[in-house]
Amino acid sequence: MLENSNKQRYVSTRGHAAILDFEGVLLAGLATDGGLYVPERWPKLTDSDLRALAGLTFAELTARVMWPFVAGLMGEDDFQALVTDAYDDFDHQAVAPLVQLYHDTWLLELFHGPTLSFKDYALQIVGRLFDQVLTRRGERITIVGATSGDTGSAAIEACRDRETIDIIILHPAGRVSEVQRRQMTTVAADNVHNIAIEGTFDDCQNLVKAMFNDVPFRNDCRLGAVNSINWARIAAQTGYYVAAATTLGAPDRPVAFAVPTGNFGNVFAGYAAKQMGIPIDQLVIASNPNDILTRFFQTGTMTAKNVVPSISPSMDIQVSSNFERLLFDVMKRDGGAVGQAMEGFKVHGRFSIDDDQLAGLSDLFEAGRHDDEETRRAIDQIFGETGQLVDPHTAIGLSVGRARRRDPGTPMVALATAHPAKFPDAVEHATGVRPTLPDRLADLFEREERYDTLTNELSAVQDLIRTRIALSGAA
Ligand SMILES: *Cc1c(COP(=O)(O)O)cnc(C)c1O
């Protein structure tokens, strides 16, 4: 049988955890050594593979592109059916339409899923993958995640009512938009549990990390993750990079992407697509005032600062967890060196790469930031020039991307990561026009909310989780 040799293996960025297959990394989330899983080798799409994608539906293309990561988990036809089902409910025929905004700039609309952000594109697949695998194994899992806004609702929509899953989402109290909060707290499903934490997104993320590092708790509650640290999400996000690139002429013509970035999950999927053979010339990382990545690309030193709330809250992060995956490649896949850098970062709040490493990264990556005022101006300018309302995250990506593009002859694709109606106040403030929610969410403000509020204390959160999953029927 060839099957085993085709199966992708995954290694931890810190080099000390077991090597796993796709099913293993799907269920594990974070590696036991604190690292993140990455493919042992990048699968390659040849030019003829890329040409063969022409004419496929978005779901067919995504299944084809993801398959080398997933192979061995189920049959290829079953996987294709799963991806088709995942995108069935999206409200645009093209699923991820590419809209030309300027002569040389396109918008890749990634807000046609149930919760109106790009996170639906991966999570609708990942929820189904979990359910299939757990049903086959006769197991249940408790998904625990932290959200700065959009992940939570997308994860909840992906997991709601699935028999094998409880989902617990922590969000920072008062620091997500009302639309974002209501998208999470109005879901009436017994397996969905929302907790507002009195703290920042990073506090929430640290609580989740601490729960995963508490091995007895992790085992008792059978914790799993759907944060962007879960490899399956990154794998699923490669689909739309490949779709946009081939639409604009890959493999014959290179393309650049501009990506509003927080945890580095989305832009890392662009990096993965490049490693797989997509001719990507440039990846522009766009941040808001929480500009740890922009500062890193200017200096080669990663230094943590406190989080500042902004009008693009899904990028209000202190650290970008997925950056460790890129660091692993920068450090020539030396897990020991990555572990040391990350330990240093934890203790001293900083680590550095050398000039050669920074120069290597800068061949592909470019970074820039917008503060809130610049973001509002960008929203207004884009609306004035193109008639398109964009949300604050999308505006930052588009505006920083256009300012930082290197080769004017290379088409630039800006990722529209959220629907403008998710951030109606910011958009209205900038343009005077209030964007309206799509039909499926029109009654959002009439729906009943359910959530608990807790202080930033691990034991309190753990107690609540134990109680909830006991009630909802986990043995
Ligand atoms: C999550 C999110 C981002 C940041 O994506 P990362 O993968 O964390 O870098 C940007 N914009 C929106 C609207 C988001 O929801």
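Coordinates for the structure precede this section.
Keep in mind that this is a model prediction, so the values were computed, not measured.

Visitor: What am I meant to see in the packing of helix α11 (residues 231-247) against helix α12 (residues 265-275) here?
Guide: Each packed pair of helices is defined by two parameters, the angle between the axes and the distance between the axes. Taken N-terminus to C-terminus, the directions of α11 and α12 make an angle of 65°; their axes are 8 Å apart at the nearest point. The crossing of α11 and α12 is right-handed. Contact with α11, carried on its side by W231, I234, Q237, T238, Y240, Y241 and V242, involves G265, N266, V267, F268, A269, G270, A272 and A273 of α12 and no other residues of that element.

Visitor: Sorry if this is basic, but what is going on with the nonpolar core here?
Guide: Most often, soluble globular proteins have nonpolar side chains that are buried together. Judged by nonpolar contacts, the single largest core of 141 residues is most densely connected at F130, L170, W231, F257, F323, F351 and F365. Ranked by the residues each element gives to this core, the list is headed by α11, at eleven residues. When near neighbours in sequence (up to four residues on either side) are disregarded, F351 contacts F296, G300, T301, M302, F323, L327, A341, M342 and F345. Membership of the second largest hydrophobic core comes to 21 residues, among which are L107, V284, A378 and I396.

Visitor: Please clarify how the pairing of strand β4 (residues 105-109) should be interpreted in this entry.
Guide: Successive residues of a regular strand alternate their side chains across the two faces of the sheet. Of all five residues in β4, five are buried, a share of seventy percent or more. Alternating positions in β4 separate into two faces, T105, L107 and E109 on one and W106 and L108 on the other, with burial throughout. Of the strand pairs in this sheet, strand β3 (residues 98-102) and β4 are connected by four bridges, and their pairing is antiparallel. Along β4, the bridge assignment pairs Y102 with T105. Pairing geometry for β4 and strand β14 (residues 412-416), over five bridges, is parallel. Bridge pairing in β14 links T105 to M412.

Visitor: It is not clear to me how unusual backbone geometry should be interpreted in this structure. Could you clarify?
Guide: Apart from glycine, the bulk of residues carry a negative phi angle, and the bulk of peptide bonds sit in the trans form. At the junction of A250 and P251, the peptide bond is cis and its omega measures out at 5° in the coordinates. Mapped onto the secondary structure, P251 falls in the loop between α11 and β9 (255-260). Its identity as a non-glycine residue notwithstanding, L116 has a phi of 70°, on the positive side. As for its placement among the helices and strands, L116 is situated in the loop between β4 and α6 (119-137). Positioned with a positive phi, R333 is a non-glycine residue whose angle comes to about 60°. The topology assignment puts R333 in the loop between α14 (323-330) and α15 (335-348).

Visitor: Just checking my understanding: could you explain the site of the ligand for this structure?
Guide: Neighbouring the ligand are 15 residues; K119, D150, G262, N263 and N266 lie closest to it. Between G262 and the ligand, the recorded distance is 2.8 Å, taken from a backbone N or O atom to an oxygen atom. Measuring from an oxygen atom of the ligand, one finds a backbone N or O atom of G265 at 3.3 Å. A total of 390 Å² of accessible area belongs to the ligand in isolation, and the protein chains cover 97% of it. If you map the ligand onto the pockets, it falls in the largest cavity.

Visitor: Just to check I follow, could you spell out the sheet that holds strand β8 (residues 223-224) for this structure?
Guide: Working definition: the strands of a sheet are paired by backbone hydrogen bonds and lie parallel or antiparallel to each other. Across the sheet, which stays open at both edges, the five strands sit in the order β8-β5-β6-β7-β15 with parallel pairing between neighbours. Here the strands that pair on one side only, and so sit at the sheet edges, are β8 and β15 (452-455). In terms of strand pairing, strand β5 (residues 141-146) meets β8 through two bridges, oriented parallel. Looking at β8, one finds that I143 is bridged to G224. Helix-sheet contacts for helix α9 (residues 201-213) involve β5, β6 (165-172), β7 (192-198) and β8, and the interaxial angle to β5 is about 150°.

Visitor: Just to check I follow, could you spell out the sheet that holds strand β13 (residues 365-369) for this structure?
Guide: Pairing is mixed across the open sheet formed by six strands, whose spatial order is β3-β4-β14-β9-β10-β13. Strands at the two margins of the open sheet, each flanked by one partner only, are β3 and β13. Strand-to-strand twist across the sheet, computed as the mean angle between neighbouring axes with direction ignored, equals 25°. The pairing of β9 with strand β10 (residues 280-287) spans six bridges and is parallel. Bridge pairing in β10 links V259 to I285.

Visitor: Mind showing me how you'd approach the layout of surface pockets here?
Guide: Gaps left between atoms are located by rolling a probe of water-molecule size over the structure's atoms. As a volume, the largest pocket reaches approximately 660 Å³. Of all the secondary-structure elements, those providing two or more residues to the lining of the largest pocket are α9, α14 and α15. For the lining of the largest pocket, the leading source of residues is α9, giving five residues. A volume near 380 Å³ is recorded for the second largest pocket. Along the walls of the second largest pocket sit 23 residues, with V176, S177, S310, P313 and F423 positioned nearest its centre. The set of elements that each furnish at least two residues to the lining of the second largest pocket consists of α8 (178-185) and α19 (424-431). Tallying contributions element by element places α19 first for the lining of the second largest pocket, with three residues. Looking at the lining of the second largest pocket residue by residue, the classes come out as twelve nonpolar, five polar and six charged.

Visitor: I would appreciate a short explanation of the packing of helix α17 (residues 372-386) against α19 in the present structure.
Guide: Relative to each other, α17 and α19 sit at 70°, their axes nearing to 8 Å. In terms of orientation, α17 lies roughly perpendicular with respect to α19. Two packed elements cross with a definite hand, and for α17 against α19 that hand is right-handed. From α17, R376, I379, D380 and F383 reach across to α19, where they touch A426, H429, A430 and T431.

Visitor: What am I meant to see in the side chain of D202 here?
Guide: Within the element layout of this structure, D202 appears in helix α9. Despite being buried, D202 has no salt bridge partner; K209 is the closest side chain of opposite charge, sitting 7.3 Å away. A distance of 2.7 Å separates a polar atom in the side chain of D202 from the backbone nitrogen of Q318. Once you skip the residues sitting within four places of it in the chain, D202 turns out to touch V307, I317, Q318 and V319.

Cut-offs and rules
Residues numbered from 1 in each chain as written. Predicted model: local features only at pLDDT ≥ 70, side-chain atom pairs only at ≥ 80, totals over all residues. Heavy atoms only, no water. Axes fitted to C-alpha atoms, helices over the stretch in contact; angles between N-to-C directions. Helix = DSSP H or I, 4+ residues; strand = E, 2+ residues; numbered from the N terminus. Left-handed = near helix turned anticlockwise from the far one by under 90°. Contact = heavy atoms within 4.5 Å. Core = buried A, V, L, I, M, F, W, Y, C linked by side-chain atoms within 4.5 Å. Buried < 20%, exposed > 50% of the residue type's maximum accessible area, 1.4 Å probe, protein only. Pairing = 2+ DSSP bridges. Near = heavy atom within 4 Å. Polar contact = N/O pair within 3.5 Å; in protein donor to acceptor, adjacent residues only side chain to side chain. Areas by Shrake-Rupley, 256 points an atom, 1.4 Å probe, with all protein chains shown as cover. 1 Å grid on protein atoms, 1.4 Å probe; cavity = no way out; pocket = protein on both sides within 12 Å on 5 of 7 lines; lining within 4 Å. Sits in = over half its atoms within 2 Å of the grid points. Points joined across faces, edges and corners; volume = space filled by probe spheres on them. Nonpolar A, V, L, I, M, F, W, Y, C, P; charged D, E, K, R; others polar. Parallel < 35°, antiparallel > 145°, perpendicular 65-115°, else oblique. Lys, Arg positive; Asp, Glu negative; His and termini not counted. Salt bridge = Lys/Arg side-chain N within 4 Å of Asp/Glu carboxyl O.

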